[in-house]
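This is what each chain is made of:
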Amino acid sequence: MTRPNILWVTTHDINPDLGCYAGVWPGAEYARTPHLDRLAAEGMRFDSVHAAAPVCGPSRSAVMTGCHPTAIGTMHMRTKAVPPPEVRLFTEYLRAAGYYCTNAAFTDFQLTVPGTAFDECGPSAHWRNRPDPDTPFFAAFHGMTTHESRLYLDDDAFAAATGHVRPEQRHDPADAPVPPYLPDTPTTRRTVARYADLVTEADHEVGRLLAQLDEDGLAGDTVVVFWSDHGRGMPREKRWLHDSGLRVPMIVRWPGRVRAGSTHPDPVELLDLTATTLTLGGLDVPEHMQSRPVLAADGRRVPRPGGLCFGGRDRLDEQSDTSRTVRDARYRYIRHVHPGRPPMPHLAYPDGLPTWAELRTLHAEEARQRGRGEVPDRLTPLQRTLVAPEKPAEELYDVLADPYETTDLSADPRHAAVLSRLRGELDGWQERHGDLGLLDEDELTACWLPGGVRPRTATPQVAASARGLVATCPTPGASVGWTVDPPPEDRPVPGPMDELIGQPPGDGRRWLLATGPFTPPPGATVHVAAWRLGHVPSDEVVVPPEGAA
């Protein structure tokens, strides 16, 4: 079977708030998403997909490695982890199999991206740049349109950010579906309406990429996957371990292989996308991965009856916390290692956002009401749990009966058996894969950085053989790459955000994987380097042209 092209279109910070999820996700009927609705009609809609974490970096690290963040050390937001040596960004497996891999352009994988991960990684990365049009490609487009920061732009900036949303597609705040855990105020309604407008704008971007596939005559040969990293950027959503923080949309289209208009109803972990992508590309799934395919190589649905989805919340910027969750087809169980810490900690960035600030203001107003001897009425009991000084040690919700998770059943004796079962499932998961989030972060960092110094990948060794040059590296887990592109005279200086999200150097060099003997172009000077995730890249080895003095 000819290997398909694979196109990922991803966005930030959205739940399944797409028109095609109406009746599956509460409030989805408010959406106006014609391109994504059509994509679902032409492919498979996954109805219960759950991220590994309710924040960007840990969630994306899981998808890019096929491993739970707690198993490889990428659970804190943010960090630069040193994962076990067997861990790689999965695109290296695709590249080794002959795929041309591009990433445009966001990373934030909790690791500095090695030169061997992509053929191109930057704003101009595109499948159209591959040297040979017959080469299969993996192309990822990570859009920022729906990121929580866009919800709170000033009016002019927001109008520019949603420039493709037609007047008749705009969402009326009066009709906005406000979940019961948020106060029903003009601020909340305006934010929900803006969120829906941004989702419509992202839908336009999806349509643009699908149109490019059609223009290139590639739609029939390309697996298209749309997904988001975690839930919406509002309180009790992003950063929380409820469905509102972890449940995301995922749609897969593969004409002639994935049945049009089909659904996958079972609980699926978002990190299962890693193994699924490798499987669709005709590759085996590495044994160290916790990811499992949810589609077979021929596009058939792989059932996951009784499937469990695990997740965690750890340090959020400057505030440390540790919570874990497991979700089955009906129930969500949450365990808080630090119940004495508040569910909505003071965080410098989100505390400045209008929805966060309003919750704290209403809470303060209630304190003044109490001071006057009045009954507080600015928040409901459910909403007060967000701004409470502490949280329960455990929570349990029947998500089918209670999709907003308003009633905690952990103390209900009628659900004691469910509580015990899910406790055991969570314990077993931690025992199988380990949980580095339970370690003191400073001690973990000391293990990664002996003496406070990040290890350096060893300089690769290059030798000539009858079949070409052979490059190896003695550092366990290192990947070796080679290029004929010389280093630029003026190396680009990475910006603060580039360093924070681990963006590779934007120097225009394309590194090829040295997985076996390779033959450089005649007369070319070859540069060889090695990368081990979490380590400083090696020094480069320069190999002069054959026959040069």
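The coordinates are above.
Residues numbered from 1 in each chain as written. Predicted model: local features only at pLDDT ≥ 70, side-chain atom pairs only at ≥ 80, totals over all residues. Heavy atoms only, no water.

Colleague: Would you mind showing me how to read the overall build of the chain here?
Modeller: Regarding its fold elements, the chain presents 13 helices and 19 strands. Computed over the C-alpha atoms, the radius of gyration of the chain is 24 Å, within 12% of the 24 Å expected from 2.2 N^0.38 for a compact globule of 549 residues. In terms of overall dimensions, the chain has a C-alpha envelope of 90 × 55 × 50 Å along the principal axes. Put simply, the chain has 549 residues, and 57% of those count as buried. Long-range pairs, those at least 24 residues apart, make up 71% of the contacts in the chain with a sequence separation of at least 6. If the 56 positive side-chain charges of the chain are averaged to one point and the 74 negative ones to another, these points end up 2 Å apart. (Helix = DSSP H or I, 4+ residues; strand = E, 2+ residues; numbered from the N terminus. Rg over C-alpha atoms; globule rule 2.2 N^0.38 Å. Buried < 20%, exposed > 50% of the residue type's maximum accessible area, 1.4 Å probe, protein only. Contact = heavy atoms within 4.5 Å. Lys, Arg positive; Asp, Glu negative; His and termini not counted. Charge placed at Lys NZ, Arg CZ, Asp CG, Glu CD.)

Colleague: Help me out: how do you make sense of the sheet that holds strand E17 (residues 512-513) in this one?
Modeller: Either a parallel or an antiparallel arrangement is found when strands of a sheet pair, and the pairing is made through backbone hydrogen bonds. A sheet is described by the order of its strands in space; here four strands give the open sequence E17-E16-E18-E19, paired in antiparallel fashion. A strand with exactly one partner marks an edge of an open sheet, and here the two such strands are E17 and strand E19 (541-543). Bridge count for strand E18 (residues 526-531) against E19 is three bridges, and the pairing is antiparallel. Note that in E19 the partner of valine 526 across the bridge is valine 543. (Pairing = 2+ DSSP bridges.)

Colleague: Please explain the pairing of strand E11 (residues 323-327) as it appears in this structure.
Modeller: The two faces of the sheet receive side chains in turn, since in a regular strand these alternate between them. Burial within E11 is extensive, with five of its five residues counted as buried. Across five bridges, strand E10 (residues 309-313) lies against E11 in antiparallel orientation. Considered in E11, the bridge of phenylalanine 310 is made with valine 326. Here E11 pairs with strand E12 (residues 331-336) via five bridges, running antiparallel.

Colleague: What should I look at first to understand the packing of helix H6 (residues 186-215) against helix H9 (residues 354-371) in this one?
Modeller: The description of two packed helices rests on the angle between their axes and on the distance between the axes. At their nearest, the axes of H6 and H9 sit 10 Å apart, and the two run at 160° to each other. Between H6 and H9, the crossing angle belongs to the class labelled roughly antiparallel. Judged by the twist between their axes, the crossing of H6 over H9 is left-handed. Each of Thr187, Thr188 and Thr191 in H6 lies in contact with H9, whose residues at this interface are Pro354, Thr355 and Glu358. Here the residues of the contact of H6 with H9 are counted per class, giving one nonpolar, four polar and one charged. (Axes fitted to C-alpha atoms, helices over the stretch in contact; angles between N-to-C directions. Parallel < 35°, antiparallel > 145°, perpendicular 65-115°, else oblique. Left-handed = near helix turned anticlockwise from the far one by under 90°. Nonpolar A, V, L, I, M, F, W, Y, C, P; charged D, E, K, R; others polar.)

Colleague: Looking at this structure, I do not really get the nonpolar core. What am I missing?
Modeller: A general trend in soluble globular proteins is that nonpolar side chains are found buried together. In terms of nonpolar packing, the biggest core is built from 57 residues, with Leu7, Leu18, Trp127, Leu213, Phe226 and Ile251 touching the most fellow members. Considering every element that reaches this core, the biggest residue donor is H6, with ten residues. Not counting chain neighbours up to four residues away, the residues in contact with tryptophan 127 comprise Leu7, Thr102, Phe137, Ala139, Phe141, Leu209, Gln212, Leu213, Asp216 and Leu218. The next biggest cluster of nonpolar side chains, apart from the first, holds 52 residues, and it includes Ile6, Leu246, Leu270 and Leu278. (Core = buried A, V, L, I, M, F, W, Y, C linked by side-chain atoms within 4.5 Å.)

Colleague: When you look at the packing of aromatic side chains in this model, what are you seeing that I'm missing?
Modeller: How two aromatic rings sit relative to each other is given by the distance of their centres and the angle of their planes. If you walk through the whole model with that rule in mind, you get eleven aromatic pairs. Measuring from centroid to centroid gives 5.5 Å for phenylalanine 90 and phenylalanine 138, while their planes differ by 80°, and the two rings are edge-to-face. Here the residue phenylalanine 90 occupies a position in the loop between helix H3 (69-72) and helix H4 (91-96), and phenylalanine 138 occupies one in strand E5 (residues 137-142), the gap between them amounting to 48 residues. What makes phenylalanine 90 buried here is its relative accessible area of 0%. With relative accessibility at 1%, the residue phenylalanine 138 sits in the buried group. Ring centres of tryptophan 127 and phenylalanine 141 lie 6.1 Å apart, and the angle between their planes is 85°; this geometry places the pair in the edge-to-face category. (Phe/Tyr/Trp six-rings, centres within 6.5 Å; stacked < 30°, edge-to-face > 60°.)

Everything listed here is a matter of coordinates, which is why it stays silent on function.
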